[in-house]
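Reading the structure
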Amino acid sequence: MKISYEDAGVSIDNGNAFVEAIKPLVKETFNDHVLGGIGSFAGAFKMPQGFKKPVILGATDGVGTKLRLAIDAKKYDTIGQDLVAMCVNDLICNFATPLFFLDYYATAKLDIEVAKAVITGIVKGCKLANCALIGGETAEMPGMYAKSDFDLGGFAVGMAEEDEIDRTKRVKNGDILLALGSSGLHSNGYSLARKVLFEILKMKFEDKIEGKNLIDILLEPTRIYVHDFLVLKPYIHALAHITGGGLAENLARVLPYGMGAIIRKHHLKTPEIFYTIAQAVQESEMYRSFNMGVGLVMAVDPNDVSKVLELSDAFIIGEIVLNEGIVLE
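Anyway, here's the lowdown on the structure attached to this text. (Residues numbered from 1 in each chain as written. Predicted model: local features only at pLDDT ≥ 70, side-chain atom pairs only at ≥ 80, totals over all residues. Heavy atoms only, no water.)

1. Some words on the sheet that holds strand 5 (residues 132–140)
On the basis of which strands lie adjacent, the open sheet formed by 4 strands has the order 3-6-4-5 and mixed pairing. Strands with a single pairing partner mark the edges of an open sheet, and in this sheet they are strand 3 (54–61) and strand 5. Between one strand axis and the next, the sheet turns by 15° as a mean value, whatever way the strands run. Alignment of strand 4 (residues 97–107) against strand 6 (residues 150–161), held across 10 bridges, turns out to be antiparallel. Across the sheet, the residue bridging to phenylalanine 101 is alanine 156, located in strand 6. (Pairing = 2+ DSSP bridges. Helix = DSSP H or I, 4+ residues; strand = E, 2+ residues; numbered from the N terminus. Axes fitted to C-alpha atoms, helices over the stretch in contact; angles between N-to-C directions.)

Listed below in structure tokens is the structure:
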């Protein structure tokens, strides 16, 4: 007896049906720079004009174990925005304007409705980031994943001026640190959060924090800062995306040798979910594992602070100082 690929757990017809189902969604992200459509061997994007010394930058990321919560809760329509956010928020820290995005979706058996919900979130993220979704890959891999599990990878490409990429040389003593708030945990620290909330504190998805279901708080999609960046770009010396490692480790990545920073913890706008987790985690570990309510930190000249405050929802959290450390006080 001879068997088919489908008998082995992989449906080519199902994959083709999925591509057809998402074509209208993906097309919503297209702009004049996109050449062709979905279905070719590679996505094509026409180089934008107006750059003097253009440099292409790339970023890739996943969403960590936040995906485990989305799968367990059977809530799939927001995790795609997280995927886009984690990539494009890194690009803007090197002053790159996002151009396009690609995704990788791997699962044991393709569920078209689940996968389409995920792509819906990716499309929303791409719209918020003003970038085109020009391609992706969907892989059925029975034996690699449990039946309803899947994994995601994202890849973003942007463009910057060559002399604008290195922000460390622009940071000055006395620069003011302003924060753009996070929408929650974003996509970092979820292994610790899950252990505390569900194993130690014995909480349930439907438990309330400030009137909102815990699972909805945890699956709140990562804020995308591309629009803020494009508006505030003329006033920013440096940007730090606050992901794994927290405020201190990520801010250190944009500071020149000999410069440090003072961050005043009481100036942060920390959501209640972080205090709930902190019942079982030391404060120092909280600040190293989570964003604590800050998604992006900007170093700004004191003379430009009022303009940044006027144009955004930023708030002051500290300043750059002449020392080699970052102090959270």
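Moving on, there is more to tell.
2. Quick look at the sheet that holds strand 7 (residues 176–181)
Hydrogen bonds along the backbone pair up the strands of a sheet, which may run parallel or antiparallel. One open sheet accounts for 6 strands, arranged 10-12-7-13-11-14; its pairing is mixed. Whereas interior strands pair on both sides, the edge strands pair on one side only; in this sheet they are strand 10 (236–241) and strand 14 (326–328). For this sheet, the mean angle separating the axes of adjacent strands, direction not counted, is 25°. In terms of strand pairing, strand 7 meets strand 12 (residues 294–300) through 6 bridges, oriented antiparallel.

3. Some remarks on the pairing of strand 4
When you tally the buried positions in strand 4, you get 8 out of 11 residues, the bulk of the element. Assessed by its sense of winding, the connection that carries the chain from strand 4 through helix 4 (residues 112–129) to strand 5 is right-handed. (Buried < 20%, exposed > 50% of the residue type's maximum accessible area, 1.4 Å probe, protein only. Right-handed = clockwise from strand over helix to strand, strands pointing away.)

4. Structural notes on the side chain of asparagine 188
Within the fold, asparagine 188 resides in the loop between strand 7 and helix 5 (190–200). Judged by relative accessible area, which is 17%, asparagine 188 ranks as buried. The contacts of asparagine 188, once residues within four sequence positions are left out, are Met86, Thr243, Gly244, Ser289 and Phe290. (Contact = heavy atoms within 4.5 Å.)

5. So, helix 5
Within the span of helix 5, buried status applies to Tyr190, Ala193, Val196 and Leu197. Each buried residue of helix 5 lies within a common arc of 135° when the element is viewed along its axis, so the set occupies one face. Among the structural elements, helix 2 (66–73), helix 6 (214–218) and helix 9 (272–277) are those in contact with the buried residues of helix 5. Lysine 202 lies just past helix 5 and shows a positive phi near 60°. (Arc of directions from axis to C-beta.)

6. Focus on the nonpolar core
Of all hydrophobic cores here, the largest spans 96 residues; its most connected members are Phe101, Ile273, Ile277 and Met298. Ranked by residues supplied to this core, first place goes to helix 4 with 8 residues. Counting residues in each nonpolar core, the second largest holds 8 residues, with Val34, Phe45, Phe100 and Ile134 among its members. (Core = buried A, V, L, I, M, F, W, Y, C linked by side-chain atoms within 4.5 Å.)

7. Details of the pattern of salt bridges
Scanning the entire structure with this criterion turns up 17 salt bridges. Close ionic contact of glutamate 20 with lysine 23 constitutes a salt bridge, the shortest N to O distance being 3.1 Å. Here the residue glutamate 20 and the residue lysine 23 both occupy positions in helix 1 (residues 12–27), the gap between them amounting to 3 residues, near one helical turn. For lysine 23, a relative accessible area of 29% gives the class partly exposed. (Salt bridge = Lys/Arg side-chain N within 4 Å of Asp/Glu carboxyl O.)

8. Observations concerning helix 2
Three or more residues of helix 2 are buried, namely Lys66, Leu67, Leu69, Ala70 and Ile71. Where helix 2 terminates, the next one or two residues include lysine 74, which has phi positive at roughly 55°.

9. Focus: the packing of aromatic side chains
Geometry of an aromatic ring pair is reported as the spacing of the ring centres plus the angle between the planes. One pass over the structure, following the stated rule, counts 6 aromatic pairs. For the ring pair tyrosine 76 and phenylalanine 150, a centre distance of 6.1 Å and an interplane angle of 50° mean the geometry is tilted. In this pair, tyrosine 76 sits in the loop between helix 2 and helix 3 (79–91) while phenylalanine 150 sits in strand 6, placing the two residues 74 residues apart along the sequence. When its relative accessible area of 15% is taken as the criterion, tyrosine 76 is described as buried. For phenylalanine 150, a relative accessible area of 5% translates into the label buried. Aromatic side chains phenylalanine 95 and phenylalanine 229 sit 5.1 Å apart centroid to centroid with 80° between the ring planes, which places their arrangement in the edge-to-face category. Separated by 134 residues along the polypeptide, phenylalanine 95 in the loop between helix 3 and strand 4 and phenylalanine 229 in helix 7 (residues 226–232) bring together distant segments of the chain. Judged by its relative accessible area of 2%, phenylalanine 95 falls in the buried class. Taken together, Tyr76, Tyr105 and Phe150 form an aromatic cluster joined through their ring pairs. Sitting above the plane of the phenylalanine 95 ring, arginine 167 keeps its charged end 3.5 Å from the centroid. (Phe/Tyr/Trp six-rings, centres within 6.5 Å; stacked < 30°, edge-to-face > 60°. Lys NZ or Arg CZ within 6 Å of the ring centre and 35° of its normal.)

Interpretation in functional terms is not warranted from these geometric data alone.
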